[in-house]
Amino acid sequence: MIINQVAVIGAGQMGSGIAQVAAQAGCQVRLYDAEAERITKALTGIEKQLASGIVKGKWTQEQAEQASVRIVAAGSLQEAAEGVDLVIEAIIESMPAKKTLLAQLDHLAQAHTILASNTSSLPVTELASVTSRPERVIGMHFMNPVPVMKLIEVIRGLRTSNDTYTSVAELAERMGKTALEVRDFPGFVSNRILMPMINEAVYTLYEGVASIEAIDGVMRLGMNHPMGPLALADLIGLDTCLAIMETLHDGFGDSKYRPCPLLRSYVHAGWLGRKSGRGFYTYEGG
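In this convention, every chain numbers its residues from 1, walking through the sequence in written order. In view of the model being predicted, local features appear only for residues whose pLDDT reaches at least 70, and side-chain atom pairs are presented and counted only at 80 or more, with totals across whole chains, interfaces and linings using the full set of residues. Excluding hydrogens and water, the side-chain values take into account all heavy atoms of the structure.

Identification of the protein as 3-hydroxybutyryl-CoA dehydrogenase from Paenibacillus albus is taken from an unreviewed UniProt entry. UniProt positions are given in the numbering used here, feature names are shortened, and annotations may be inferred rather than shown by experiment. In its Sequence similarities (unreviewed entry) section, UniProt records this for the protein: "Belongs to the 3-hydroxyacyl-CoA dehydrogenase family."

J.: Give a description of the UniProt feature "binding site: NAD(+)" (unreviewed entry) in the protein that names residues and reports values.
T.: Under the UniProt annotation, the feature "binding site: NAD(+)" (unreviewed entry) is placed at Gly10, Ala11, Gly12, Gln13, Met14, Gly15, Asp33, Glu93, Lys98, Ser120, Asn144 and Lys275. Every helix listed is a DSSP run of H or I at least four residues long, and every strand listed is a run of E at least two residues long, numbered separately from the N terminus. Along the polypeptide, Asn144 turns up in the loop between β6 (137-142) and β7 (151-156). Discounting residues that sit within four places of it in the chain, Asn144 has contacts with Gln13, Met14, Met149 and Leu235. Tracing the backbone through its elements, the reader meets Lys275 in the segment after α12 (261-268). Polar contacts involving the side chain of Lys275 include one to the side chain of Asp239, which spans 2.9 Å. Contacts are residue-level and defined by heavy atoms, with any inter-residue pair within 4.5 Å sufficient. For the purposes of these results, a polar contact is taken to be a pair of N or O atoms within 3.5 Å, where, inside protein, one atom must be able to donate a hydrogen and its partner to accept one; residues adjacent in sequence count only when each atom of the pair is a side-chain atom.

J.: Tell me what's going on with the pattern of salt bridges, and back it up with residues and numbers.
T.: Any Lys or Arg side-chain nitrogen located within 4 Å of an Asp or Glu carboxyl oxygen qualifies as a salt bridge. Within the structure shown, the criterion is met by 10 salt bridges. The shortest N-O distance in the salt bridge between Asp33 and Arg38 comes to 3.8 Å. Residue exposure (1.4 Å probe, protein chains only): buried if accessible area is under 20% of the type maximum, exposed if over 50%, otherwise partly exposed. The exposure class of Asp33 is buried, given its relative accessible area of 9%. Arg38 gets classed as partly exposed once you look at its relative accessible area, which sits at 40%. Residue Lys275 is joined to Asp239 by a salt bridge in which the shortest nitrogen-to-oxygen separation is 2.9 Å. Note that Lys275 is positioned in the segment after α12 and Asp239 in helix α11 (residues 238-252), a separation of 36 residues in sequence. Relative accessible area serves as the criterion here: at 27%, Asp239 is assigned to the partly exposed category. Ionic contacts of the salt-bridge type, sharing partners, join the residues Asp33, Glu35 and Arg38 into one network.

J.: Explain the pairing of β7 to me, using residue names and the numbers behind them.
T.: The side chains of a regular strand alternate, residue by residue, between the two faces of the sheet. In this analysis, strands are considered paired if DSSP registers two or more bridges between them. For β6 and β7, the ladder comprises five bridges, and the chain directions are antiparallel. Opposite Gly139, over in β7, you have Ile155 as the bridge partner. Bridge count for β7 against strand β8 (residues 178-182) is five bridges, and the pairing is parallel. Opposite Glu153, over in β8, you have Leu180 as the bridge partner.

J.: Pulling in residues and values, what's your account of the packing of aromatic side chains?
T.: Two rings from Phe, Tyr or Trp (for Trp, the six-membered ring) form a pair when their centres sit within 6.5 Å of each other. Planes less than 30 degrees apart are called stacked, planes more than 60 degrees apart edge-to-face, and all others tilted. By the definition in use, this model includes four aromatic pairs. Aromatic side chains Tyr203 and Tyr206 sit 6.3 Å apart centroid to centroid with 65° between the ring planes, which places their arrangement in the edge-to-face category. Taken together, the residues Tyr203 and Tyr206, both in helix α8 (residues 190-206) and three residues apart, mark about one turn of the helix. The exposure class of Tyr203 is buried, given its relative accessible area of 12%. On the basis of relative accessible area, Tyr206 is assigned to the partly exposed category, the value being 46%. One aromatic cluster in this structure is built from Tyr266, Trp271 and Phe280. The ring of Trp271 has Arg278 lying over it, and the distance from NZ or CZ to the ring centre is 3.7 Å. Note on criteria: charge over ring means Lys NZ or Arg CZ within 6 Å of the ring centre, with the direction from the centre no more than 35 degrees off the ring normal.

Below, the structure written as structure tokens:
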């Protein structure tokens, strides 16, 4: 199946980025969020991203305008899901929340519609279990920021069909991404490797081994990472990092995945990183 009509549920940073790249791939996109103001903010952000790309020579004015008109705001979940080929949910990284949403989408979407989750760590097989179409449920883990990063981890559940995988992989290529297939294990590949590194960086800070700047500096200057792990945690969101570490810890039952108490304390304090203005670093003006 060629995917031409896409709905994106969740208009946060990830959802808006997914909507943008889908529109630039030639898809008609419906963007929905339970909080209407997020849709307005997302559409404004997409316009800025497209305008910036023109200045940088990434695409033409005409291409940007064509992509922009392909994205429309949906007034309800039913309006978003009706008649589309693919629904991508990009809501909070919570198994109960995602299951509830996927069950609703299963009821609202047509039989041919593929349901994809932008989960960064949760089992796709379990997510698919609340639907009547597990063969048409798949994981599409986009990287942040979506318009820039080239990878999509594509995760099959136990019952995901070959046709579903092929359709999603083809769309990923049209988006200018590389689709890499991984098995349905907690954290997949990316976060099974990345999050323990971030968690260990937080432990290093917690134990007083070095300052925030020194920890990030060692990894940038010594390991040639473009961004230090604590700054990266702020970008991802400390609440998201904690949720993924808890998924790894629960899924594997191994103490090496135990979240650092300092990470948990920061989340409880509301210090979530860039999105809250404070994480390991302070961000003036957001």
